[in-house]
Every structure is written in C-alpha cells, then in structure tokens.
Amino acid sequence: MATQIQQILRNELDEARQELEQLQQQLEEKPEFGLGTGSTGSFTWEMALARRDRIAARIAEIMEALERAEAGRYGLCETCGKEIDPERLEIVPTATQCIDCARKAAA
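Fair warning: this is a prediction, and the values are worked out from it, not measured in the lab.

## Quick word on the overall build of the protein chain
Per the secondary structure count, the protein chain includes four helices and zero strands. Counting every position in the protein chain, which comprises 107 residues, the buried fraction comes to 27%. Of the contacts made within the protein chain by residues no fewer than 6 positions apart, 46% connect residues no fewer than 24 positions apart. Approximately 7600 Å² of the protein chain is accessible, and the part contributed by carbon and sulfur atoms is 50%.

Now the structure itself:
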C-alpha cells in the first residue's frame, strides 16, 4: 500500500512540476503595466503568477508527504496520532490530519 501511495504522489509531483515549468515559460514575457499602457495580457499574467504560487505550494505538500512515507509516518494524523482513514488519503493523498482533527482546525 505504501509504495502504491508513493507512486501516486510521485506521479502528482511530476505533473505539478511540469505545470510549474509551463507557467514559468508563460511568465517570462511580462506585459506592460501602468496607467494607459496596460494590456489584457496583464490579467492573464497575474493569474499565471498566482497559479505558479499555488503549484509551488502543492509541490511542497507532495514532497512532505513523500518524506512522511519514507519515514514511516505517512497516514498518521499529525495532531492526534491516529491513523488517517485510507479513503481520505485516496481523495487527499497529502492529508496530514484525520477528518476529526481537520474539522476541529477549520472551526
């Protein structure tokens, strides 16, 4: 099971890295900003910039999950120490909390 999860995480990591590379290429050409000089490309550029930040954060989450798997801590709630439901991990493979602790944290 652990190696299956690790493979899923590695696949997600590869996809995220590819997406990040594509976004980096899009961001190389910065459109003009400024009063009366802006283009419609500035909105697209800013959206790509925000997306890049989200993808970079996702890569960090995946790498942390892989580190937990290698250390034998994957699937354990970082708050209470209980096992995270396997169904939750299938949906959110980078989950660090069981559903109960995640609900408490969100409240």
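From this point, the narrative continues.
## Side note on the pattern of salt bridges
All chains considered together, the criterion is met by five salt bridges. Of the charged contacts, one joins Glu12 and Arg58 as a salt bridge, the two residues approaching to 2.2 Å between their closest N and O atoms. Of the two residues, Glu12 sits in helix 1 (residues 2-27) while Arg58 sits in helix 2 (residues 41-71), which places them 46 residues apart along the sequence. Among the salt bridges present, the one from Arg52 reaches Asp53, with a minimum N-O distance of 3.7 Å. With a relative accessible area of 26%, Arg52 lands in the partly exposed category. On the basis of relative accessibility, which here comes to 47%, the residue Asp53 falls in the partly exposed class. Ionic contacts of the salt-bridge type, sharing partners, join the residues Glu12, Arg58 and Glu61 into one network.

## Notes on the environment of Gln7
Tracing the sequence through the fold places Gln7 in helix 1. Sequence-wise, Gln7 and Leu66 are 59 residues apart; in three dimensions their C-alpha atoms are separated by 9.4 Å.

## Structural notes on the side chain of Gln6
Checked against the element boundaries, Gln6 lands in helix 1. Exposure remark for Gln6: the relative accessible area of 11% places this residue in the buried category. Not counting chain neighbours up to four residues away, the residues in contact with Gln6 comprise Leu66, Ala69 and Glu70.

The rules we used
Once a new chain begins, its residue numbering starts again from 1 and follows that chain's sequence as written. Given that this is a predicted model, residues contribute local features only at a pLDDT of at least 70 and side-chain atom pairs are listed and counted only at 80 or more, while totals for whole chains, interfaces and linings are drawn from all residues. Water and hydrogen atoms were dropped before computing side-chain values, which therefore reflect all heavy atoms in the structure. Helical segments are the DSSP runs of H or I of at least four residues, strand segments are the runs of E of at least two, and each set is numbered from the N terminus. Using a 1.4 Å probe on the protein chains alone, a residue whose accessible area is under 20% of its type maximum counts as buried, one over 50% counts as exposed, and one in between counts as partly exposed. The contact definition used throughout considers only heavy atoms, calling two residues in contact when any of these lie within 4.5 Å. For accessible areas, the Shrake-Rupley method is used with a probe of radius 1.4 Å. Any residue's cover is judged against the shown protein chains and nothing else. Salt bridge criterion: a side-chain nitrogen from Lys or Arg within 4 Å of a carboxyl oxygen from Asp or Glu.

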